[in-house]
Amino acid sequence: MRITHGYHILEENIIGFVTSFGLRGILIGFINLFSGGSSVCLYLGLILTTFGAGWWFYEMTMESTYNGDHSKIIIRGIKFGWILWIFSEVLIFASMFFSFYFITFEGNISTGRCEPGFGLIIADWISIPCWNTVLLTILGISMLGWEKNLGGSLRKLSIIDFLWTFMIMFIFLISQYYEFYNGLISMSDGAFGSIYYAIIGLHGLHCFIGEIMILWTGLRLLNYEYDEENHTNIWACGINIHFLMAAWIFIFLLIYI
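Analysis parameters
Residues numbered from 1 in each chain as written. Predicted model: local features only at pLDDT ≥ 70, side-chain atom pairs only at ≥ 80, totals over all residues. Heavy atoms only, no water. Helix = DSSP H or I, 4+ residues; strand = E, 2+ residues; numbered from the N terminus. Buried < 20%, exposed > 50% of the residue type's maximum accessible area, 1.4 Å probe, protein only. Contact = heavy atoms within 4.5 Å. Areas by Shrake-Rupley, 256 points an atom, 1.4 Å probe, with all protein chains shown as cover. Expected span 1.5 Å × (residues − 1). Core = buried A, V, L, I, M, F, W, Y, C linked by side-chain atoms within 4.5 Å. Phe/Tyr/Trp six-rings, centres within 6.5 Å; stacked < 30°, edge-to-face > 60°. Lys, Arg positive; Asp, Glu negative; His and termini not counted. Salt bridge = Lys/Arg side-chain N within 4 Å of Asp/Glu carboxyl O. Axes fitted to C-alpha atoms, helices over the stretch in contact; angles between N-to-C directions. Left-handed = near helix turned anticlockwise from the far one by under 90°. Parallel < 35°, antiparallel > 145°, perpendicular 65-115°, else oblique. Nonpolar A, V, L, I, M, F, W, Y, C, P; charged D, E, K, R; others polar. Patch = residues over 30% accessible without salt bridge, like charges linked within 9 Å, V, L, I, M, F, W, Y side chains within 5 Å.

Asker: Give me the lowdown on the overall build of the protein chain, citing residues and values where you can.
Answerer: Secondary structure summary: the protein chain contains 7 helices and 0 strands in total. Going from N to C terminus, the protein chain has its helices and strands arranged as α-α-α-α-α-α-α. For the protein chain, the proportion of its 257 residues judged to be buried stands at 37%. Put simply, of all contacts in the protein chain between residues at least 6 apart along the chain, 75% involve residues at least 24 apart. As displayed, the protein chain offers around 15,500 Å² of accessible surface, 71% of which is attributable to carbon and sulfur atoms.

Asker: Account for helix α6 (residues 190-222), with residues named and values stated.
Answerer: Its 33 residues give α6 an end-to-end C-alpha distance of 48 Å, which sits within 8% of 48 Å, the value for a rise of 1.5 Å per residue. Tyr-224 lies just past α6 and shows a positive phi near 60°.

Asker: Talk me through helix α4 (residues 128-148); I want residue IDs and the actual numbers.
Answerer: Its 21 residues place the ends of α4 30 Å apart at the C-alpha level, agreeing with the 30 Å of an ideal helix rising 1.5 Å per residue. Within the span of α4, buried status applies to Ile-128, Pro-129, Asn-132, Thr-133, Leu-135, Leu-136, Leu-139, Gly-140, Ser-142, Met-143, Gly-145 and Trp-146. Buried-residue contacts for α4 involve α5 (155-182), α6 and α7 (232-256).

Asker: For the nonpolar core, give the residues involved together with the corresponding values.
Answerer: Formed by 45 residues in total, the largest nonpolar core has its most connected members in Met-169, Trp-248 and Ile-251. For this core, the secondary structure elements donating two or more residues are α3 (72-106), α4, α5, α6 and α7. Ranked by residue count, the leading element in this core is α7, at 13 residues.

Asker: Summarise the packing of aromatic side chains; cite the residues concerned and give the values.
Answerer: Scanning the entire structure with this criterion turns up 10 aromatic pairs. Consider the rings of Trp-82 and Trp-85, whose centres lie 5.0 Å apart with planes at 25°: the pair is stacked. Here the residue Trp-82 and the residue Trp-85 both occupy positions in helix α3, the gap between them amounting to 3 residues, near one helical turn. A connected cluster of aromatic rings, assembled from ring pairs, spans Phe-172, Tyr-196, Tyr-197, Trp-248 and Tyr-256.

Asker: An account of the side chain of Glu-211 is requested, with residue identities and associated values reported.
Answerer: Among the structural elements, Glu-211 can be located in helix α6. Despite being buried, Glu-211 has no salt bridge partner; Arg-220 is the closest side chain of opposite charge, sitting 17 Å away. With sequence-adjacent residues up to four places away left out, Glu-211 is seen in contact with Phe-166, Met-169, Phe-170 and Leu-173.

Asker: Go over the packing of helix α2 (residues 40-66) against α6 with me, naming the residues and quoting the values.
Answerer: Look at α2 against α6: their axes get within 13 Å of each other, and the N-to-C directions meet at 35°. The chirality of how α2 crosses α6 is right-handed. Here Phe-57, Tyr-58, Thr-61, Ser-64 and Thr-65 of α2 lie close against α6, whose contacting residues are Ile-212, Trp-216 and Arg-220.

Asker: Any details on the packing of α5 against α6? Residues and values, ideally.
Answerer: Closest axis-to-axis distance for the α5/α6 pair is 10 Å, and the angle between their directions is 155°. Taken together, α5 and α6 sit at an angle that is classed as roughly antiparallel. Here the hand of the crossing between α5 and α6 comes out left-handed. Of the residues that constitute the contact of α5 with α6, the class distribution is 18 nonpolar, 7 polar and 3 charged.

Asker: Can you lay out a nonpolar patch on the surface for me, pointing to particular residues and giving the numbers?
Answerer: On the surface, Trp-125, Ile-126, Ile-249, Phe-250, Leu-253, Leu-254 and Ile-257 cluster together into a nonpolar patch covering about 660 Å² of accessible area. Here Ile-249 shows up in helix α7.

Asker: Before we move on, can you summarise the side chain of Thr-49 with the specific residues and values?
Answerer: Along the chain, the position of Thr-49 falls in helix α2. Excluding its chain neighbours within four sequence positions, the residues that come into contact with Thr-49 are Thr-19, Gly-22, Leu-23 and Ile-26.

Just distances and angles here, no functional claims.
This is the structure:
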């Protein structure tokens, strides 16, 4: 068959079908969990979603690196799609910040005001939040070094930057976990507790996904799958890290200070 275009036609598979069931299981599982029910559906949804994502990562690696199916036009489409996804995440965080300040300045007894009430104390900005800000700033710098040092004699520096990036993100996640489980605020503490945990929790979830991306991308780096010209995965990982860094700076300035 003669091919007259630069696009890669995917073969039929059930990755999307499996992942969609996994995401629905996560949604139903959270509803059951918040209603005092069983969390079995949540765990099953997480397993299916993780399996679907891993399968998708594997397919992308095989198509791009070993089969040579990703032409320049496909790579351009992947980059454009990733930028659109980051833009959608910006809108999600913007809506949450809007909710936070709308209830703060316009809320009343019926809607619940958003200032911490009596006995609700968030972490002092100079402690864990400031520490997390420093970590993510260093993370962004190490991510830049990772991408700039690809190929040739700088490969060892790129590997060091990968290990440094992975370690910093891991420390950040531990720090967030500590703040979550040792804080004096819960999700049931009015509008403030709900929005506070929604914003911080969503950012933490993105950081966890980002850590998986860093690990997967770093393993491919160790396997000599990138060079100065072909490193779309590292580019996408870097865009994600810089977005998380910028989002945290807004969280730090608008909520903690």
